[in-house]
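Inside the fold
Letter by letter, the chains look like this.
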Amino acid sequence: MLHLHLDALELRGFVEDWGTVGWQEIVSIAAHRIFGELHDRWRPGDGTVYAEFTSDQQLEWSTASDERRSEIDNFYLRFEPDIRNLLEGGGAHPKFAYASSRADVLPAHMHRFLFALGMDENFWVGDRLLTWALDLATAGLAAYALAWTDRYRLLGPCITDEGLFLRAIDALFFSSRRVGMDLGVKCPDAYFDEIVEDLQVAMELCSPHWPRTAYKVFKRCRQSYLIELSQLGLSLEQVEDICDSIIERRPFVYRRVRTDHGE
């Protein structure tokens, strides 16, 4: 879904009107299209992405020693007919304990849903990790772009759940300068010490019983995303410039309210 991620990255910095159509309406249409694509992929029950994942059995086999592979072979010999192909070809599903497990999860909440799935620490390995990281980053970009069209309500001085989720996703993927580039890219452990509160607040919104080990998953998620950016020829600094451009081009503007005395 690289093309969808690049679309979301472009949308994050989009602030131009098109004729008589305002930029807010354009962003809204594009963001909901991205949410729809992600919803088709990730909704519980019949999301298309789960069939693409390497099964648990295939993952175990790929990392097993010769001795362990012999044990696995002996295990399958106990069944008639052979069920190995059925198990290995069945894809995989994460645990939905920390996210809404309903099939009607809202498309516009996919960034929250995908964030919550990160708490299944044992699931996000191999091809699953990159797929999830890329789509979570995509959802975060689209959600932030949409929120900026209503920024005074969602991202202004009043703290909202949406603002807290977006802050956590931004800290996870698109930020390094606020704690220094070295911490953001070269020293991931130190960087995570700086953003742990942002992640914690969002995780607690998902579940009051979130596992502390989830931080390890989010750390791997960030590293996987940065590697993918590098392979695309993009740097984190370039992505940050795109993300920051919307703040510069469509900033918050607060005006003093005049009183009856003209002050």
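Located above this text is the structure these notes cover.
The rules behind these values
- Residues numbered from 1 in each chain as written.
- Predicted model: local features only at pLDDT ≥ 70, side-chain atom pairs only at ≥ 80, totals over all residues.
- Heavy atoms only, no water.
- Core = buried A, V, L, I, M, F, W, Y, C linked by side-chain atoms within 4.5 Å.
- Buried < 20%, exposed > 50% of the residue type's maximum accessible area, 1.4 Å probe, protein only.
- Helix = DSSP H or I, 4+ residues; strand = E, 2+ residues; numbered from the N terminus.
- Contact = heavy atoms within 4.5 Å.
- Salt bridge = Lys/Arg side-chain N within 4 Å of Asp/Glu carboxyl O.
- Phe/Tyr/Trp six-rings, centres within 6.5 Å; stacked < 30°, edge-to-face > 60°.

1. A look at the nonpolar core
- Residues Trp42, Phe113, Phe115, Trp132, Phe173 and Leu199 are the most contacted members of the largest nonpolar core, which totals 72 residues.
- Looking at this core, the elements with two or more residues in it are helix 1 (2-12), helix 2 (23-42), helix 6 (110-117), helix 7 (126-148), helix 9 (161-173), helix 11 (188-206), helix 12 (214-231) and helix 13 (236-249).
- At 15 residues, the largest contribution of residues to this core is made by helix 7.
- Discounting residues that sit within four places of it in the chain, phenylalanine 115 has contacts with Leu136, Phe165, Ala168, Ile169, Leu199, Ala202, Met203, Cys206 and Phe218.

2. With respect to the pattern of salt bridges
- Summed over all chains, the structure comprises 10 salt bridges.
- Between arginine 41 and glutamate 52 there is a salt bridge whose closest N-O contact spans 3.8 Å. Taken together, the residues span a long stretch of sequence, with arginine 41 in helix 2 and glutamate 52 in the loop between helix 2 and helix 3 (56-63) at a distance of 11 residues.
- A salt bridge links arginine 167 to aspartate 198; its shortest N-O distance comes to 2.8 Å. Linking arginine 167 in helix 9 with aspartate 198 in helix 11, this pair joins segments that are 31 residues apart in sequence.
- Linked through salt bridges whose partners overlap, the residues forming this network are Asp40, Arg43 and Asp46.

3. Some details on the packing of aromatic side chains
- Enumeration over the complete set of coordinates arrives at 20 aromatic pairs.
- Here the aromatic rings of tryptophan 42 and phenylalanine 53 are separated by 5.9 Å at their centres, their planes lie at 55 degrees, and the arrangement is tilted. Of this pair, tryptophan 42 sits in helix 2 while phenylalanine 53 is found in the loop between helix 2 and helix 3, placing the two residues 11 residues apart along the sequence. Of the two residues, tryptophan 42 and phenylalanine 53, neither departs from the other in class, the shared state being buried.
- With 4.8 Å between their ring centres and 25 degrees between their planes, phenylalanine 115 and phenylalanine 218 make a pair best called stacked.

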